[in-house]
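# Notes for the structure review
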Amino acid sequence: MAKYIVKRVLRSLITMFIIITILFALLRLMPIEGYFENFDKMSETQIQVKLTSLGLMDPLPKQLLRFYNQLLHGDLGVSNVYRRGVAITEIIGEKIPVSIKLGLMSLCISLAVGLPLGILMARSTRTKYKIGDRLGTVFIVIIQAVPSAVYHILIQFAGSQTYVGKEIFGLPMLFDESNPKSYILPVLSLSIGSIAYYAMWLRRYMVDESNKDYIRLARAKGVPGGAISRRHVFRNAFVPMVQYIPNSILFTLMGSLYVESLYSIPGMGGLLVTAIKRQDNTLVQALVLIYAVISILGLLFGDILMGIVDPRISFAKKEGSR
Amino acid sequence: MKRLRFRSMRNEMTDQLGDKLNAQLADQMDAMSDEEKFSFAEFNAAEAERGGYSGYSYWGSTFRAFRQNKVAMFFLVVMVVLLAFTFIQPYLPNQKDPLLIHNDEWGLPLNNVPPCEEFWFGTNAIGQDLWARIWSGTRTSLFIGFAVALVEAVVGILVGVLWGYVRKLDFFFTELYNVLDNIPQTLLLILISYVMKPGVDTIIFALSLTGWLGMARFIRNQIIIIRDRDYNLASRCLGVSTGRIIVKNLLPYLVSVITMRMALAIPSAIGNEVFVTYIGIGLPLDTPSLGNLIQTGRSLMTVASLRYQLFFPVVVLALITISFYIIGNAFADAADPKNHVR
Amino acid sequence: MKATKRLLALLLAAAMTLAMAACGGSETPDQTEASTAAAPTETAAPVTENAVFRTLYASEVTTLNYLTTGNANEFGIAANLVDCLVEYDSYGNVEPALAESWEQNEDATVWTFKIRQGVNWVDKDGNVVAPVTAHDWVSAAHYACDANNDSGVFYTMSGVIAGADAYYDWTAYQLALPTAKDGTDEDGNPVKLITGEDGEEQVLEEVPEASVEDIGVKALDDYTLEFTLESSRPYFISMVSFGPYMPVYGPFLEECGDKFGTSNEYLLYCGAFVLSTFEPQQRRVMTKNQSYWEKEQVFLDAIESTYNAEASSISVTMYQSGEVDYADVSSDLLSAMMEDPATKDLIHPTRSDTSYAYWYLFNFDANFDEEYEPENWELAVNNENFRKSIVHAFNRMPALAANDRIDPESMKNNTITPAAFASASKDYAYYDGLAAYTDGDNFDQELALEYKAKAMEELTAEGATFPVKMLMCYNPTTSNWANECQVVEQTIEGILGADYVDIIIQAGPETGFLSAVRRTGNYAFMKCNWGADYADPETWAEPFSADSSYSFIFASEDPETQALYAEYLQLVADAKAITNDMDARYEAFATAEAFLLDHAFAIPFSISNRSYQMSDLNVFEGQYASFGVASFRYKDQHLYDTSMSLEQYQAAYADWLANLAG
């Protein structure tokens, strides 16, 4: 297993090297106007000077080498547009904890609500009118059908501007770190989509699992339904979902674009979009690097966790399949 | 209790089947003369070949199974009506131009008119008819959705099959996937929006650029699961060419999942268009789409009397998404041969 | 609650009286009294205790370094943190600020300022660091003129302050030298080569050495500051309230180095407020500076701004629920909110800004896709009758109404230089040929059709094809621009007929719009804008100069256009030469400007986009100047417990206009 992990990490490093190189080239394709606040009134010399001071006039390989050199020293560089002159580690260091805190809260809630909902729905498929399954499906379908850009703002307005939200619960419209009440709406917004997601997949896997022969046998033998679904169906159905949990945890640190912008949450959410639009190259590079590390680590942990949960999966065989 | 119920159900089913067979037999017996009854049945090759499912047709059974799903049938009707209406709407009488600005008698625009007899869905902030804009936007969005789904299917299946079946290519495609998957889509979208003129083609190109990745990976995983099954091994041993194995053995097995993914790719492309508009690189306003209609509506959320401008496009989008979603799922269930036997 | 209502009623009555008084000529003593009482400052009681002004903002600053930034969002904050030599009252009159007095030499090339004593630099917690002295302006100038500091506002000193350009070029040369390679030019002489942005090698011109001491900003003693100018600038005083003309404490600047202006710790304050909290993309708080030299004129205790990327969508709601004191009302929402009884009495416009103007320009150097027929366009645009037909067919009212439904008329601008921008013995917009434009309107359907007939005849003879395709671009990030384009298309095509012109609307790229569209000439007909840098009509001639990136009249190959343009350039050169007589100078600039309009080279459209707002501040209390940072200051402003209504605004506006410096 150790050998497998080492091999995968090495391969991931190569992948990351390629990603960064391509990204580097892509970022240099962006129009130079993006680096200037008042491009219109600057002379040719001034433009030249600024580009030189950003290190953009050097040949690309030289810029790339400099970047890798910095990276090896643990230096992500300094932001040059977003917050000029501030170290990227400092900017990110302020934002990550906020996103993680809210993200983990909502992850816990989504698992705590989504999984039981999925089980309920799956079990309800065996009842006569399938009421639980139908209601659950309606919820899932609606959440999928209404764009998240819309339902987040609906939750915000319904939660903070209607009589119930405003007068009875006193929910504020914006997030304020020191006010616990202000966590309710953003966490709800963040959770609702993943509740639907977890419920949908758990139901799917459980229904598939319960059609398998060994379950039929168990039923035929007269094992009580509750025991079957707890001991056999749920456990097996949960295995493919386990794979995504490390990913979900790690990705909480990237935040949510919609929710964080609506509630004034100083998290990571909109950072990548802002950085790209304002052409803060160093910041984009750093964020993409983090993004890649997270997704690669997430997959690795997911596989390891799956191996632990499900002894049938062996790493030797899995190799090369991803 | 449950045990009992299960047993009795099982018994009931068995009894029913038995009764049916007995009835069939009785019918046949009645039609025969005594002589016939006591003569030897001769060996008939065709008859021997006939399995239990005579007259079984895959597509026939699929459609039969699909028709039994009443909810899906309902949404199929909704979708067909919606699609048909979207395309014939401009040719109906009394329809307005989605770009025409309606002015009052003093030459000032009739803006933000709430839904009324003249403007069924009201007008927007500069006095354009929202009804016409929504249907024109739906046309644009559906076109984007279909185009992206098509590219996704063609490229995704092609790459996915090669990736999954040809072992030598596995490493290459896996790395390619890892690299492409990690380049943020936002960056590509913004770069493309700089290089190309904003417009429908640009959006389709941008969304297709990375859209096929998910499909390819999905197909590849499915192929890996089935490529070493016995019947494929047998085909290989018999010297069947790779192309034929893929086309005849593997793809038919995947038809149902592929259609489902395509059905879901359409609403997801429309949803992506909404996202792209949200981050500010969507279609220009003179090309109405559900994305820019919703984005405009969102910014008016704050005034209660203008919320109709958000409500109408969201309802249309939701209807399209729900229809595709339900139909896609129902079709996948119906296309699974396991569900053809009851 | 009741008290507020009664107060409002009173205010309304008073305002109406004032409005009538302003219209009627004679004033009885009673009415005069009413009109003084009508100024909201005196009737509506301002909040005195804990006056905290709360806002949302959607776009974060990237730096607080006021010596380098040219972004209004950024120097708007600095305006409240650091004072300038002079400031303005709410009617635009110059007042002493950090300079107690000033004088100029005969030809306005040397300006001497006496600096106020006893003003201190403080840090973010209000602790005194050092006194403000004349040396602080010298430090600022030296910093901005050094190419290493990459100042985006150096252009305000370039060509103005003696020795500024020489020093800048020298430092830029030094900066480029390490990356340059040795090479030879076409004649084989040894030169330095650098690689340009396009990857091609360029010759690095050698620059003579210059000394920082030769920059014409000097401290004669601790409290006497002297500016030496390159040429005569009678209006120089209007230039000193911006960017590099703001003071900075030299030793602190040196200590901070690159970090200067990156956070509230790396900044010193001598203005009305200190930036006590600065958490980017989260919150910033400006607190009253307790050691400010004119503390009694600062009525707000703090300004709290919370970051919200969707501020435009939610601030209106938050204003109504009392969570903020300011909300922008976008034009989409305006008419609906004016009909809603809950909000209609809370909305009023911002004060008009005459330092910014928009015109529709024709492009004479068509550089767009073949499919839009650039050659055909160039034929058409060089025909004066064609241009005139467009000018007269362009009914601006519906287009302006797309931006401001309530009072589009007030945004209208009829000249290239906005009215009320500058004045000598009268408003510049009324000099010479401009008066006819200022009081008239370009829209005239019959004239338009007349010119259309002439143009069609002439152009057909020249081989042009109809309809002439007119490519019109807009930037999708600018709110309402897309809407405006659709209105303009419908208006012009409606009058001239789609068989004559075919306007094609196209969205430009969001990033790099200007370089992709206007600077490369990738349009036929488009709205362009320019902002004044100082209080003289000369600043408005720049976009039409022979090296500008606007409309490219100089690039036209048509002899007729060339002749007209040469005449225009001569008129401008003549005007620039007059420096001793302001009346004659304005007269000459007005002649040049009228010449452009007479030959239909531009269609004046509007003054700066005015927006509507709900705000608990009184817009007319703030400092006013059509250039520099004065109008961004919160000094002199009171916080009220409610927002002005449109009627109150209009009354106050009439009052303000009557008193405007002129």
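Note that this is a predicted model, so its numbers are computed, not measured.

## Here's the deal with the overall build of chain A
- Counting its regular elements, chain A contains 15 helices and zero strands.
- Principal-axis analysis of the C-alpha atoms gives chain A an extent of 85 × 60 × 30 Å.
- Taking all 322 residues of chain A together, the buried fraction comes to 52%.
- The contacts in chain A between residues at least 6 apart in sequence include a share of 67% that link residues at least 24 apart.
- A total of about 14700 Å² of accessible surface is found on chain A, and carbon and sulfur atoms cover 67% of it.
- Separation between the mean location of the 35 positive side-chain charges and that of the 20 negative ones in chain A comes to 13 Å.

## Some points on unusual backbone geometry
- Each neighbour pair has its own omega, and for Phe466(C) with Pro467(C) the value is -5°, a cis peptide bond.
- In this fold, Pro467(C) is placed in the loop between α14 (445-462) and β19 (468-474).
- The backbone phi angle of Asn94(B) is positive, close to 65°, even though this residue is not glycine.

## Section: the packing of aromatic side chains
Residue and element names in this part refer to chain C.
- Counted according to the given criterion, the structure contains 67 aromatic pairs over all chains.
- For the pair Phe75 and Phe242, a centre-to-centre distance of 4.8 Å together with 90° between the ring planes defines the contact as edge-to-face. Residue Phe75 is located in helix α4 (residues 72-81), and its partner Phe242 is located in the loop between β12 (224-228) and α7 (250-256); the two are separated by 167 residues in the primary sequence.
- Taking relative accessible area as the criterion, Phe75 reaches 10% and is therefore assigned buried.
- The interplanar angle of 50° and the centroid separation of 5.7 Å between the aromatic rings of Phe386 and Tyr500 together place this pair among those described as tilted. Of this pair, Phe386 sits in helix α11 (residues 384-393) while Tyr500 is found in the loop between α15 (481-496) and β20 (501-507), placing the two residues 114 residues apart along the sequence. Accessibility assignment for this pair places Phe386 and Tyr500 in one class, buried.
- Grouped by ring-pair contacts, the aromatic residues Tyr360, Phe362, Trp377, Phe386, Phe394, Phe466, Tyr500, Phe525 and Phe605 constitute a single cluster.
- In this arrangement the basic side chain of Arg387 is found over the ring face of Phe601, its NZ or CZ atom lying 4.4 Å from the centre.

## Some points on helix α5 (residues 135-144) of chain C
- Most of α5(C) sits inside the fold, with eight of its ten residues counted as buried.
- Taken residue by residue, α5(C) has Asp136(C), Trp137(C), Val138(C), Ser139(C), Ala140(C), Ala141(C), Tyr143(C) and Ala144(C) as its buried positions.

## So, the interface of chain A and chain C
- Contact residues are listed per partner, giving 44 residues for chain A and 50 residues for chain C.
- Taking both partners together, chain A and chain C bury about 3800 Å²; carbon and sulfur atoms supply 52% of that area.
- At the boundary of chain A with chain C, the tally comes to zero salt bridges.
- Counting across the chain A and chain C interface gives four residue pairs in polar contact (both at pLDDT 80 or more).
- Mapped by element, the contributors of at least two residues to the side of chain A that touches chain C are α2 (44-53), α6 (148-161) and α12 (257-262) of chain A.
- Here the residues of the side of chain A that touches chain C sort into 19 nonpolar, eleven polar and 14 charged.

## Brief notes about the sheet that holds strand β23 (residues 612-615) of chain C
Residues and elements named next belong to chain C.
- Strand order in the open sheet made by the three strands is β16-β23-β17, with antiparallel pairing throughout. A strand with exactly one partner marks an edge of an open sheet, and here the two such strands are β16 (326-329) and β17 (348-349).
- Relative to β23, β17 runs antiparallel, the two sharing two bridges. Its bridge partner being in β23, Pro349 is matched across the sheet by Tyr612.
- Relative to the sheet, helix α8 (residues 311-320) contacts β16 and β23, its axis offset from that of β16 by approximately 130°.
- Packing against the sheet, helix α9 (residues 331-339) makes contact with β16 and β23, and its axis sits at approximately 105° to β16.

## Things to note about the pattern of salt bridges
All names here are of chain C.
- Counted under the stated rule, the structure contains 21 salt bridges over all chains.
- One salt bridge in this structure joins Asp125 and Lys124, with 3.5 Å as the shortest N-O distance.
- With a relative accessible area of 23%, Lys124 lands in the partly exposed category.
- In this structure, the salt-bridge partner of Glu538 is Arg585, at a minimum N-O distance of 2.9 Å. A residue pair is termed long-range when its members are at least 10 positions apart, and Glu538 in helix α17 (residues 538-541) and Arg585 in helix α19 (residues 582-598) qualify at 47 residues. Across this residue pair, the class does not change: Glu538 and Arg585 are buried.
- Where salt bridges share partners, they join Arg396, Glu409, Lys412 and Asp441 into one cluster.

## Considering the interface of chain B and chain C
- Counting from both sides, the interface comprises 31 residues of chain B and, opposite them, 29 residues of chain C.
- Between chain B and chain C, the buried area comes to about 2500 Å², and carbon and sulfur atoms account for 51% of it.
- Where chain B meets chain C, there are one salt bridge.
- Here chain B is connected to chain C by six residue pairs in polar contact (both at pLDDT 80 or more).
- Among the elements of the structure, α8 (185-195) and α12 (290-299) of chain B are those that each provide at least two residues to the side of chain B that touches chain C.
- With three residues, the single largest contributor to the side of chain B that touches chain C is α8(B).
- For the side of chain B that touches chain C, the class distribution of residues is 17 nonpolar, ten polar and four charged.

## Focus on a positive patch on the surface
Residue and element names in this part refer to chain A.
- Taken together, the side chains of Arg123, Arg230, Arg231 and Arg235 present a region of like positive charge at the surface.
- Its place among the elements puts Arg235 in helix α10 (residues 225-242).
- Judged by relative accessible area, which is 55%, Arg235 ranks as exposed.

## Looking at the side chain of Arg518(C)
Residues and elements named next belong to chain C.
- Tracing the backbone through its elements, the reader meets Arg518 in the loop between α16 (513-516) and β21 (525-531).
- The exposure class of Arg518 is buried, given its relative accessible area of 2%.
- A distance of 3.2 Å separates polar atoms of two side chains, one belonging to Arg518 and the other to Tyr550.

## Section: the packing of helix α5 (residues 131-145) of chain A against helix α8 (residues 184-210) of chain A
Residue and element names in this part refer to chain A.
- One can describe the packing of α5 onto α8 by two numbers: an axis separation of 9 Å at closest approach and a directional angle of 130°. Judged on the interaxial angle alone, α8 and α5 are oblique. Between α5 and α8 lies a crossing of left-handed hand. Contact with α5, carried on its side by Asp133, Phe139, Ile140, Ile143 and Gln144, involves Ile192, Gly193, Ile195, Ala196, Ala199, Met200 and Arg203 of α8 and no other residues of that element.

## Observations regarding the pairing of strand β15 (residues 302-307) of chain C
Residue and element names in this part refer to chain C.
- Bridge count for strand β1 (residues 52-57) against β15 is six bridges, and the pairing is parallel. Across the sheet, residue Arg54 finds its bridge partner in β15, namely Glu304.
- Inspection of the sheet shows strand β14 (residues 283-288) paired to β15 by five bridges, in the antiparallel sense. From the neighbouring strand, Arg284 faces β15, where its bridge partner is Ser305.

## Details of the environment of Ser61(B)
Residue and element names in this part refer to chain B.
- Relative to the elements of secondary structure, Ser61 occurs in helix α4 (residues 58-68).
- Judged by relative accessible area, which is 6%, Ser61 ranks as buried.
- The spatial distance from the C-alpha of Ser61 to the C-alpha of Asp336 is 9.7 Å, given a sequence separation of 275 residues.
- Those residues within four positions of Ser61 in sequence are excluded, and the remaining contacts are Tyr56 and His340.

The rules behind the values
- Residues numbered from 1 in each chain as written.
- Chains lettered and ligands numbered in written order.
- Predicted model: local features only at pLDDT ≥ 70, side-chain atom pairs only at ≥ 80, totals over all residues.
- Heavy atoms only, no water.
- Helix = DSSP H or I, 4+ residues; strand = E, 2+ residues; numbered from the N terminus.
- Buried < 20%, exposed > 50% of the residue type's maximum accessible area, 1.4 Å probe, protein only.
- Contact = heavy atoms within 4.5 Å.
- Areas by Shrake-Rupley, 256 points an atom, 1.4 Å probe, with all protein chains shown as cover.
- Lys, Arg positive; Asp, Glu negative; His and termini not counted.
- Charge placed at Lys NZ, Arg CZ, Asp CG, Glu CD.
- Phe/Tyr/Trp six-rings, centres within 6.5 Å; stacked < 30°, edge-to-face > 60°.
- Lys NZ or Arg CZ within 6 Å of the ring centre and 35° of its normal.
- Buried area = accessible area lost by both parts, 1.4 Å probe.
- Salt bridge = Lys/Arg side-chain N within 4 Å of Asp/Glu carboxyl O.
- Polar contact = N/O pair within 3.5 Å; in protein donor to acceptor, adjacent residues only side chain to side chain.
- Nonpolar A, V, L, I, M, F, W, Y, C, P; charged D, E, K, R; others polar.
- Pairing = 2+ DSSP bridges.
- Axes fitted to C-alpha atoms, helices over the stretch in contact; angles between N-to-C directions.
- Patch = residues over 30% accessible without salt bridge, like charges linked within 9 Å, V, L, I, M, F, W, Y side chains within 5 Å.
- Parallel < 35°, antiparallel > 145°, perpendicular 65-115°, else oblique.
- Left-handed = near helix turned anticlockwise from the far one by under 90°.

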